[in-house]
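# Structure assessment
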Amino acid sequence: MIKIKDLHANIEGSEILRGINLTVNAGEVHAIMGPNGSGKSTLAKVIAGHPSYEVTGGSIEYDVNGKNKDIQELEPDERAKEGIFLGFQYPIEIPGVTNIGFLRESFNSICTHQGAQEMEAPEFRTFLQSKLDLLEMESSFLDRSVNQGFSGGEKKKNEILQMAVLNPRLSLLDETDSGLDIDALKIVAKGVNALKSKFNATVLVTHYQRLLNFIVPDKVHVLYKGRIIKSGGKELALELEKRGYDWLIKESTEGKGN
Amino acid sequence: MSSEEMINKNKDYKYGFYTDIETEEFPKGLNEDIVRLLSKKKNEPEWMLDYRLKAFRHWKTMTHPNWAHLDIPEIDFEDLYYYAAPKKKPELESLDEVDPELLATFEKLGIPLSEQKRISGVAVDAVFDSVSVATTHQEDLKKLGVIFCSISEAVKDYPELVKKYLGTVVPFSDNFYAALNSAVFSDGSFVYIPKGVKCPIDLSTYFRINAKETGQFERTLVIADEGSFVNYLEGCTAPERDENQLHAAIVELIALDDAEIKYSTVQNWYAGDKNGDGGIYNFVTKRGNCLGRNSKISWTQVEAGSAITWKYPGCNLIGDNSQGAFYSVALTNHKMQADTGTKMIHIGKNTKSTIISKGISADESRNNYRGLVKINPSATGARNYSQCDSMLVGDKCSANTYPYIDVKNDTATMEHEASTSKISEDQLFYLQSRGLDMEKCISMIVNGFCGEVFKELPLEFSVEAVKLLEMKLENSVG
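Residues numbered from 1 in each chain as written. Chains lettered and ligands numbered in written order. Predicted model: local features only at pLDDT ≥ 70, side-chain atom pairs only at ≥ 80, totals over all residues. Heavy atoms only, no water.

### Quick word on the overall build of chain B
Selection rule: Only DSSP runs of H or I covering at least 4 residues are called helices, and only runs of E covering at least 2 are called strands; the numbering of each starts at the N terminus. Note that the radius of gyration is over C-alpha atoms, with the globule rule given as 2.2 Å times the number of residues to the power 0.38. Type-normalised accessible area, obtained with a 1.4 Å probe on protein chains alone, sets the label of each residue: buried when under 20%, exposed when over 50%, and partly exposed for intermediate values. To measure how exposed things are, a 1.4 Å probe is used in the Shrake-Rupley method; for residues, cover is taken only from the protein chains shown. Within this scheme the basic residues Lys and Arg register as positive and the acidic residues Asp and Glu register as negative, but His and the chain ends are omitted. Note that the charge is assigned to NZ on lysines, CZ on arginines, CG on aspartates and CD on glutamates.
Each helix and strand counted, chain B has 10 helices and 25 strands in total. By the compact-globule yardstick of 23 Å for 478 residues, chain B fits well, its C-alpha radius of gyration being 21 Å. For the C-alpha atoms alone, the extent of chain B along its principal axes is close to 60 × 60 × 45 Å. Put simply, chain B has 478 residues, and 62% of those count as buried. With an accessible surface of roughly 17900 Å², chain B has 48% of that area assigned to carbon and sulfur atoms. Within chain B, one finds 53 positive and 70 negative side-chain charges whose respective centroids are separated by 3 Å.

Here it is as structure tokens:
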């Protein structure tokens, strides 16, 4: 699905990613963990094409119509049309634009690109109902302005609603668990699990092992200072929960002999 | 269209062309002789000339105002042409006799005037420099008793109506530019809707400045008699030039008992280039008198052009239960300056006013909202709701809000809300990451921001307004 090789990226001249290597296959769930400032969110944003980051080296190969393609030249909207989805850590407010209007524009834009039928407003509302049910959301939600006046939990649910509607192949969920109480976390996890298939992949960026109790990853990677210093199975997350990151950091610096 | 010269420095402004048409103009400068000459040229009755001369003499005693938050270079009023008109303006029998060059110009502006091509749902009065060149649908309207013609014709054909109302809403002593306009206005539109008539089609005036170094001083007078209704639209464009040009108009609206006037403007005068060279100075006085009980006047404006905009369309709410509204989107980019807002003067009982203002500033522009809400002692039970929102695009522009509130009756209810926001890279990225291209993202954000105002515009106008704003902002964001 996606193959990242030796990826380097800067923001305003300071290097955040310093050689990331990561391969995610269809049907897999990966978790990216690591201490604050290690570059987790940056990695997700760079894959989605955030314009503030400059890629200074390496490649991001992504499966487009069965071929591996370096997507660095694609605009964020073109990446989205190819099925890349970024669930935001801090979803943005768009005053005056209704949630449903926004969702339908997005949905139709992506459908058109992928050669699928667009949906008219009434049909789209019906289509949304099952997605709302999945996330236990009220339909009144659709007629509010995008993220405006939403609680933290509502904003995060709204991200997953968008994911459910847009049906991406690669979902990058940036700290979707932060700011959620346990009930909301369970609902969000249920949503993400329900959307999982052998055709898509999910990358969870998270601080806490807690989320991984509900969405079980196939692989866990630890990011530190812009590099992946350790990869493992789901048990790695449990070990991190117990022991913190220090031992890993020590191990990795010793391993490099400095 | 061999005689048309495209000045195509600024691709964003597709109306920037100039029509090379033979023009008759008066000598530059302003004095009593010019005023007399103008009045004579237009075969005006004595009372009209007297009015002009009074206004002119008053203007001579006035100095240029400087209270607005604007940088206005000194204007040399002696270095302007006060009258410029396409030659061979005859008494036309039908629209098909209009100079084909002029018809072609208006067609290019999207305003077809000829009988075959004209837009069916809208009657248009086309004003080119100092004169009205054509008015469509006049015959159909006449059957209903609706008068829609140029103000010059109205002075001759309907002197009683003009005499009764001209200058009653905006007296020439009102301000510097009102005095100037009253002395030298050369044309404009006149509308009278008789008792009980709901005008079945929209009426519209399209203003075009073409000639060089010419001031356009037009005058619009709309009278809605008891129980009548009219939807009035106004559009404006001008060629791209390096020099500035002056547009100083007066619009007066009068609504009698139970009458309603909706007045919408999409102002797209040439705004100058990105260095701030050239562009129109748009110094306009627009005001409506809600004279009758239960009368309503609403001003909806989309101000997207002009180097400097200085205007406050307002309402005098005189009749009991009358209502005034002001819905405005003002967009400035490059080095444009706008100081615009409204004045709502509550005089009658239970009068109500609504103000919704959306300012968008981009690049190095300056965008001010200035509004006055005044509740007179007589206005028992008056209500006002004001909402002023500003959006900044980039970090070199500015937005200011100057709300003045003067309440002299303690039964009044006042509400005021204000906000400032920024179109951010993050907003754009958020929308883009959902599969929407940059253009769509901007249009969505701007539409969301201006939605409350756009919904007040007639459909075609709101579509045009959205496109206009998108085009202006495209290069300013991201």
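### Concerning the overall build of chain A
Put simply, the rule reads: Only heavy atoms matter for contacts: two residues are in contact if any of them lie within 4.5 Å across the pair.
For chain A, the helix and strand inventory stands at nine helices and 12 strands. Scaling as 2.2 N^0.38, a compact globule of 258 residues should have a C-alpha radius of gyration of about 18 Å, and chain A matches this with 18 Å. When the backbone C-alpha atoms are referred to their principal axes, chain A occupies close to 65 × 40 × 35 Å. Long-range pairs, those at least 24 residues apart, make up 68% of the contacts in chain A with a sequence separation of at least 6. For chain A, the computed accessible surface area is about 11600 Å², with 46% contributed by carbon and sulfur atoms.

### Structural notes on the side chain of Q301(B)
All names here are of chain B. The condition that has to hold: Throughout this description, a polar contact denotes any pair of N or O atoms lying within 3.5 Å of each other; where both atoms belong to protein, one of them has to be capable of donating a hydrogen while the other can accept it, and for residues adjacent in sequence the pair is counted only when both atoms sit in side chains.
Following the sequence through the fold, Q301 ends up in strand 16 (residues 296–303). A polar contact of 3.0 Å, which involves the side chain of Q301, links it to the side chain of K311. In this structure Q301 touches T265, K311, P313, F326, Y327, S328, V329, T340 and V453, once residues within four positions along its chain are discounted.

### With respect to helix 1 (residues 40–48) of chain A
The buried fraction of helix 1 of chain A is high, at eight of nine residues. Among all positions in helix 1 of chain A, only K40(A), S41(A), T42(A), L43(A), A44(A), V46(A), I47(A) and A48(A) are buried.

### Digging into the pattern of salt bridges
Put simply, the rule reads: Between Lys or Arg on one side and Asp or Glu on the other, a salt bridge is scored when a side-chain nitrogen of the former is within 4 Å of a carboxyl oxygen of the latter.
What the rule picks out here adds up to 26 salt bridges over all chains. Note that K230(A) and E251(A) form a salt bridge whose closest N and O atoms lie 3.9 Å from each other. Separated by 21 residues along the polypeptide, K230(A) in strand 12 (residues 227–232) and E251(A) in helix 9 (residues 246–255) bring together distant segments of the chain. Residue classification places K230(A) among the partly exposed positions, given a relative accessible area of 29%. For K408(B), the salt bridge is made with D406(B), and the minimal N-O distance between the two is 3.3 Å. Counted as one network, the salt bridges with shared partners bring together E32(B), R36(B) and R57(B).

### Quick word on the sheet that holds strand 3 (residues 29–33) of chain A
All names here are of chain A. The following threshold applies: A pair of strands is considered paired only if DSSP assigns at least 2 bridges between the two. Simply put, an axis is a line fit to the C-alpha atoms, just over the touching stretch for a helix, and the angle between two N-to-C directions goes from 0 to 180 degrees.
Reading across the sheet, the six strands line up as 6-9-10-3-11-12 and stay open at both edges, with mixed pairing between neighbours. The open sheet has two edge strands, strand 6 (84–87) and strand 12, and neither has a second partner. Going from strand to strand, the sheet's axes swing by 20 degrees on average, the running direction of each strand aside. Examined bridge by bridge, strand 3 and strand 10 (residues 201–205) share four bridges and lie parallel to one another. Directly across from H30, in strand 10, lies its bridge partner V203. Where helix 5 (residues 152–166) meets the sheet, its contacts fall on strand 6 and strand 9 (170–174), and the angle it forms with strand 6 comes to roughly 165 degrees.

### Notes on the nonpolar core
As a rule of thumb, soluble globular proteins bury nonpolar side chains together. Convention followed: Buried Ala, Val, Leu, Ile, Met, Phe, Trp, Tyr and Cys residues that are joined via side-chain atoms within 4.5 Å together make up what is termed a nonpolar core.
Of all hydrophobic cores here, the largest spans 70 residues; its most connected members are L170(A), I360(B) and L469(B). Per element, the largest residue contribution to this core is nine residues, and it comes from helix 9 (residues 438–454) of chain B. Discounting residues that sit within four places of it in the chain, L469(B) has contacts with V302(B), A304(B), V329(B), L331(B), I360(B), V446(B), C450(B) and F454(B). Core analysis: the second largest hydrophobic core is formed by 54 residues, I151(B), V155(B), V184(B) and L256(B) among them.

### Things to note about the interface of chain B and chain A
Cut-off, in case you're wondering: When two parts are brought into contact, each loses some accessible area as probed by a 1.4 Å sphere; the total of that loss over both is the buried area. Residues are grouped as follows: Ala, Val, Leu, Ile, Met, Phe, Trp, Tyr, Cys and Pro are nonpolar; Asp, Glu, Lys and Arg are charged; every other residue, Gly included, is polar.
Opposite the 17 residues of chain B that make contact, chain A presents 34 residues. Across the chain B/chain A interface, buried area totals approximately 2000 Å², and carbon plus sulfur atoms make up 64% of it. Together, F429(B), Y430(B) and R434(B) form the three largest contributors to the area buried by chain B at its contact with chain A, with a combined 40%. For the pair chain B and chain A, the interface holds two salt bridges. Residues K440(B) and E105(A) are paired through a salt bridge, measuring 3.3 Å at the closest nitrogen-oxygen approach. Residue contributions to the side of chain B that touches chain A peak at seven residues, all from helix 8 (residues 425–432) of chain B. The residue makeup of the side of chain B that touches chain A, split by class, is seven nonpolar, five polar and five charged.

### Brief notes about the sheet that holds strand 2 (residues 14–24) of chain A
Pairing between the strands of a sheet is mediated by backbone hydrogen bonds and can be parallel or antiparallel. Residues and elements named next belong to chain A. A sheet is described by the order of its strands in space; here four strands give the open sequence 2-1-4-5, paired in antiparallel fashion. In the strand order of this sheet, the two ends are held by strand 2 and strand 5 (67–70), each with one partner. Taking the axes of each pair of neighbouring strands and ignoring which way they run, one obtains an average angle of 15 degrees across the sheet. In terms of strand pairing, strand 4 (residues 53–64) meets strand 5 through four bridges, oriented antiparallel. Note on strand 5: the bridge partner recorded for D63 is N68.

### Points about the confidence of the model for chain A
Convention followed: Per-residue confidence from the prediction method is given by pLDDT, with values spanning 0 to 100.
Residues of chain A with pLDDT of at least 70 account for 98%, and the chain-wide mean is 93. Averaged pLDDT values over the elements of chain A bottom out at 82 in helix 9 of chain A and peak at 98 in strand 6 of chain A.

### Topic: the pairing of strand 4 of chain A
Residue and element names in this part refer to chain A. As judged from the eight bridges shared by strand 1 (residues 2–11) and strand 4, these two strands associate in the antiparallel manner. What sits directly across from I2, in strand 4, is Y62. Adjacent in sequence and paired antiparallel, strand 4 and strand 5 are bridged by two residues, among which N65 carries a positive phi angle near 50 degrees.

### Description of the packing of aromatic side chains
Geometrically, a pair of aromatic rings is defined through the distance of the ring centres and the angle of the planes. Operational definition: Aromatic rings from Phe, Tyr and Trp, taking only the six-membered ring of Trp, are treated as a pair when their centres fall within 6.5 Å; an angle between ring planes under 30 degrees marks them as stacked, one over 60 as edge-to-face, and anything in between as tilted.
Following the criterion strictly, the structure yields 25 aromatic pairs over all chains and no others. Ring centres of F107(A) and F127(A) lie 5.1 Å apart, and the angle between their planes is 45 degrees; on these two criteria the pair is classed as tilted. Of this pair, F107(A) sits in helix 3 (residues 99–114) while F127(A) is found in helix 4 (residues 121–134), placing the two residues 20 residues apart along the sequence. A relative accessible area of 9% means that F107(A) is categorised as buried. Ring geometry for Y232(B) and Y263(B): centres 4.9 Å apart, planes at 25 degrees, overall stacked. Of this pair, Y232(B) sits in strand 11 (residues 229–237) while Y263(B) sits in strand 14 (residues 260–267); the two residues are 31 residues apart in sequence, bridging distant segments of the chain. Each member of the pair, Y232(B) together with Y263(B), is buried.

### Re the side chain of Q162(A)
Structurally, Q162(A) can be placed in helix 5. With near-sequence residues (within four places) excluded, Q162(A) lies in contact with F85(A), F102(A), L103(A), Y430(B) and R434(B).

### Side note on the pairing of strand 6 of chain A
All names here are of chain A. Every second residue of strand 6 is oriented toward a common face, with I84 and L86 on one face and F85 and G87 on the other, all of them buried. Where strand 6 meets strand 9, four bridges bridge the pair, whose relative direction is parallel. Within strand 9, the position partnered with G87 by the bridge is L173.

### Digging into the confidence of the model for chain B
Residue and element names in this part refer to chain B. Per-chain confidence: chain B averages 87 in pLDDT, with 92% of residues scoring 70 or above. Across chain B, the secondary-structure element scoring lowest on mean pLDDT is strand 1 (residues 4–5), at 38, and the one scoring highest is strand 18 (residues 314–317), at 98. Every residue in residues 1–10 is under pLDDT 50, and counting partners more than four places away or in other chains gives 23 contacts. Model confidence for the complex is summarised by a pTM of 0.82, with the ipTM given as 0.95.

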